[in-house]
Amino acid sequence: TWSLLARDAQAGATSVELQHEPAAMGWRVGDRIGMASTLFRSGQRSTTHEVVSVGPGYKLELDPPLSFVTAGGPRQVAGQLVVGISAEVVNLERSVLVTGDDSDFDATHVGLHTIVSHSTAVIEYARVEKCGQRGRGGRYCMHLHQCGQCPTCAFRGNAIENSHQGGITVHGTHSSTVEENILWDTRGVGLYVEDGNEMNNTFARNVIVCTTAEECAVSTSFSEAVFASGIYMLGMSNDLIENRVAHWQNTIFTPGSFDPQGKGMAWGKVCTLHSPFGKIKGQVTHGGARFGLYLDNQYPRNVERDENGFVSDWASCDEFKADGTDNGKLAIVEDSLEYHSIFVGHYTLGDVQFKNFVSVWNSHAMYWKVGKNFAGTDRPHVVDSLFVSDNSAPFAPPGSTLRFLGPAGPFTFFLDNTTFAGGHVGDGVICAGQHCGLDQTAQGTQSMCNVQYVLRGVKFEGIYGEQQARHIRFGISGGNPVLPIFTALDNSLGGYRSIVSGKLGGFAQLPGCVQLGKEYDYGIGCDTPMRRLSIWSRKDQGTLQLRGPGYDVNPVWASPTFGLNGGFLIKDKIWGHGGGYPAVVKAGATYALDVQDVGAITLAFSDSLLGSLLASPDNVEIIVNGQSCTLTSQHDRLFAGAWGPSPGTTRPWCPSTLNLPPRPPSPLPSPPSLPPSPSPPSTPPSPSLCAAGAPLHQSCVARSVQLAQNSLLAPQQPLDSASVPWRTFEYAAGTQSISFAAAGGARITLPSAARAEWWHNQLLQNVQLDEPSGAYELCVRASATGAGSQVQISVDADAPTFAVAGGGARLQYSLAGGGAVMDACFYFALGAAAGGAPFSGRIVLDLGKVTGELSICQISLRAACDELDPPSPPPA
């Protein structure tokens, strides 16, 4: 039903090349197709055309010619490889047509509607048009209504066009399938999940396009025009798989707080803010006039529900479990590509990780105000991701910017193996504390905005903008510029272990600390750890004074410092469950504090995440009213989180320390040389999953043609189709998982014990070799975390014989473990046995003897010289 452009097409072009063969998809002369725009919003629109001819191969000829230049295929953006910025090309023809009344459809906004109610149905490969009834509840083009558990319900391969209220609605229905549908100009909403109790539905590989965002920005029976969205989902316990959405006000919107008790028959029976997520993987969205992906106000928890999605135990919606531990349930948004939207992100979000997330040419690469620590895990909030922008014509938007507006609050925000590249940078690249404390500042108080940003493997590449553009920034969009703390577990911050705000000038006087320049927002870089201290208080104890290192200076009482630089603390009465007093302290030091009522406070120091990552807890001594309290990062936090102690619970003012779970330590950065200098020293960035290194050594290479597709393993989906370069095989389902780093390279997680046969887990690619008597080399660069893992590599003839190319044996080689990168090559000569015809077969990596985690950096297949001895694997 749809494909993607394989290469850029110019305005006026009548011929385009797709990524799939149109004839093989059943496309015919005379079909009407739609072409999604890949330009930024102003002056562009998605267009429709008639097919003039099909083929040969991947070619398609159209009439009328293209109106705009249109993107297709991988491209470089600010020096980074980006895959997926390709126009959606959809076929709008079907042999079965269901159409509404022509006469007054556009005037009345009332067309036909269909409904499947309390039953089951399969609707496949039909076209529905002139449908939907604007402003009338329940009147949609296709509608599964209160069908309950319905695994046999399916809407598949349909084309829905020109609707005045939505495309497909799933309402009070569970376990249905909605896949491969085309929704074109389904005004108001594309896919709609209605009440909030819907569970286990699969929305996969649907394409949802508006000619322009303005065309579809209309009010409906359930939302205003500003919330018109390609996917509008109230129930989060559903799977979103590889959908593509373009040119809406919001491409994907999940309004957690709009209807916190649900809607319709689910009202009062659900807690929509806390529904566990289904699988969210492989979305591509672009052209959001407001937001691209917009997961707003979502805090998934371990909610217990019945088969209708109704809550069966209301305590399971609470912030904490009965034992006081965090009730959050981790969700992962994986392999998303977002481009050409004004905002990407959310206002407030908890327990949701972004993995292999790629944000390109968005006005705000990430927009995030409030977050929290993940429950029971030290996983990063953002990992293996890429945020990139530049001014390259014709697809970069005017005034393209690079800025990650991050959250704040008393928690630790963790960025891991993530690259920021390009520009233009105005505000800063990573800006901590968006909007945090606006209300408090207006009231003349400090705010609980003492977030800790932890960076590991974070790279800033080719950053440009204002002179010496800021890599980090304290506070943004009116957010508190005093309290955020940046910490590095490696050299992500130029060798500094911690950087605190320059407004805390007393910290620059501490040994090992130095005032920095604009690149680090004039902060204070230290070779010792700086951490947050939160003093939660059930009552206003007046202005307190914290005495200790960093605060021996005259206070600045003007906004936004309000005396904090001198240790004076003014209560934030707004944040969380009752507010408190925020501060920044030096780990390992001693501070003193006097309060009116020690029984009304509870202290919180740093976060257990940092102690776990460092395999060594930080500590601080706080003397309150003469009583000493030694806190570590691993102290008891039962019934206490980012919003403070839970109401109605009793917390000790000095929490006890818990045992630190054993784990390997992370290397600490090397401190910069002193005395202070205006800018930090240049330090090489930490490596990514597959750091750039010497090219694979392929002996006697006869030419430089790369025969393996996607040899650097750039992100691709899916993994179970011959339509993409790399695919996987599992003899036992669920025994391996694979993720691609934004900068290239694949990370494969396998069982801790080896499988019975080499071939029980495989990474594969189809290949055709045009020189039947030629010699070739297949080379692999890989590493493993555990010792004793072995990889077997070869090229073979596929089923039914699986004969090894050249008649030799498959190459087996051992990996040293510990992440050591090793190369190995499999040499083969086809010889005369090929009979003069091209050789068709597979590149095969057998992984059945790998245990734990395997990283594959490169797989290269090239022509080689004849009569060459097979190379041996190099030593570790």
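For the structure itself, consult the block above.
All of the points below concern the structure found in this document. (Residues numbered from 1 in each chain as written. Predicted model: local features only at pLDDT ≥ 70, side-chain atom pairs only at ≥ 80, totals over all residues. Heavy atoms only, no water.)

### Notes on the sheet that holds strand β22 (residues 229-233)
- In space, the twelve strands of this open sheet follow the order β10-β13-β16-β19-β22-β25-β28-β33-β36-β39-β42-β45, with parallel pairing throughout. Every other strand in the sheet has two partners, leaving β10 (116-117) and β45 (472-476) as the edge strands with one partner each. (Pairing = 2+ DSSP bridges. Helix = DSSP H or I, 4+ residues; strand = E, 2+ residues; numbered from the N terminus.)

### A closer look at a nonpolar patch on the surface
- Residues F729, Y731 and W759 make up a contiguous nonpolar surface patch of about 320 Å² in total accessible area.
- Residue placement: Y731 occurs in the loop between β60 (727-730) and β61 (737-740). (Patch = residues over 30% accessible without salt bridge, like charges linked within 9 Å, V, L, I, M, F, W, Y side chains within 5 Å. Areas by Shrake-Rupley, 256 points an atom, 1.4 Å probe, with all protein chains shown as cover. Salt bridge = Lys/Arg side-chain N within 4 Å of Asp/Glu carboxyl O.)

### Let's talk about the sheet that holds strand β66 (residues 811-814)
- Ordered in space as β60-β63-β68-β65-β66, the five strands form an open sheet in which the pairing is antiparallel. A strand with exactly one partner marks an edge of an open sheet, and here the two such strands are β60 and β66. Pairwise comparison of adjacent strand axes, ignoring direction, gives a mean angle of 25 degrees for this sheet. (Axes fitted to C-alpha atoms, helices over the stretch in contact; angles between N-to-C directions.)

### A closer look at unusual backbone geometry
- At the junction of D63 and P64, the peptide bond is cis and its omega measures out at 0 degrees in the coordinates.
- One non-glycine residue, H118, lies in the positive phi region at around 50 degrees.
- Secondary-structure assignment places H118 in the loop between β10 and β11 (122-124).
- A positive phi angle is found at S477, which is not glycine, with a value near 55 degrees.

### Let's talk about the state of the cysteines
- Within the structure shown, the criterion is met by eight disulfides.
- Between C210 and C216 runs a disulfide, and the two sulfur atoms are separated by 2.0 Å. Where C210 bonds to C216 through sulfur, the torsion about that S-S bond is close to -105 degrees, and the disulfide is left-handed.
- Note that C513 is cross-linked by a disulfide to C526, the S-S spacing being 2.1 Å. Because the sign of the S-S torsion sets the handedness, a value of about 115 degrees for the bond joining C513 and C526 places this disulfide among the right-handed ones. (Disulfide = S-S within 2.5 Å.)

### What about the pairing of strand β19 (residues 189-193)?
- Of all five residues that make up β19, five are buried, and the element is covered over most of its length.
- The pairing of strand β16 (residues 168-174) with β19 spans three bridges and is classified as parallel. Bridging from a neighbouring strand, I168 pairs with L191 of β19.
- Across four bridges, the pairing between β19 and β22 is parallel. Its bridge partner being in β22, L191 is matched across the sheet by I231. (Buried < 20%, exposed > 50% of the residue type's maximum accessible area, 1.4 Å probe, protein only.)

### Considerations on the pattern of salt bridges
- Summed over the entire model, instances satisfying the criterion amount to 32 salt bridges.
- D384 serves as the salt-bridge partner of R747, at 2.9 Å between the closest nitrogen and oxygen. On the criterion of sequence distance, the pair formed by R747 in strand β62 (residues 746-750) and D384 in the loop between β37 (382-383) and β38 (386-389) is long-range, its members being 363 residues apart.
- Of the residues examined, D384 reaches a relative accessible area of 4% and is grouped as buried.
- For the salt bridge of D597 with K539, the shortest nitrogen-to-oxygen distance reads 3.0 Å. Within this pair, whereas D597 is found in the loop between β54 (590-593) and β55 (601-605), its partner K539 is found in the loop between β50 (530-537) and β51 (544-545), the two being separated by 58 residues in sequence.
- A residue is classified by how much of its surface remains accessible, and D597, at 27% relative accessible area, is partly exposed.

### A look at the nonpolar core
- In this structure, F354, I430 and F486 are the most contacted members of the largest nonpolar core, which totals 84 residues.
- For this core, the element with the most residues is strand β13 (residues 142-149), which contributes three residues.
- With residues near it in sequence (within four places) discarded, F354 still touches L293, L295, V333, H346, L349, W368, H381, V382, V383 and S385.
- In this structure, A708, W726, V791 and F839 belong to the second largest nonpolar core, which totals 40 residues. (Core = buried A, V, L, I, M, F, W, Y, C linked by side-chain atoms within 4.5 Å. Contact = heavy atoms within 4.5 Å.)

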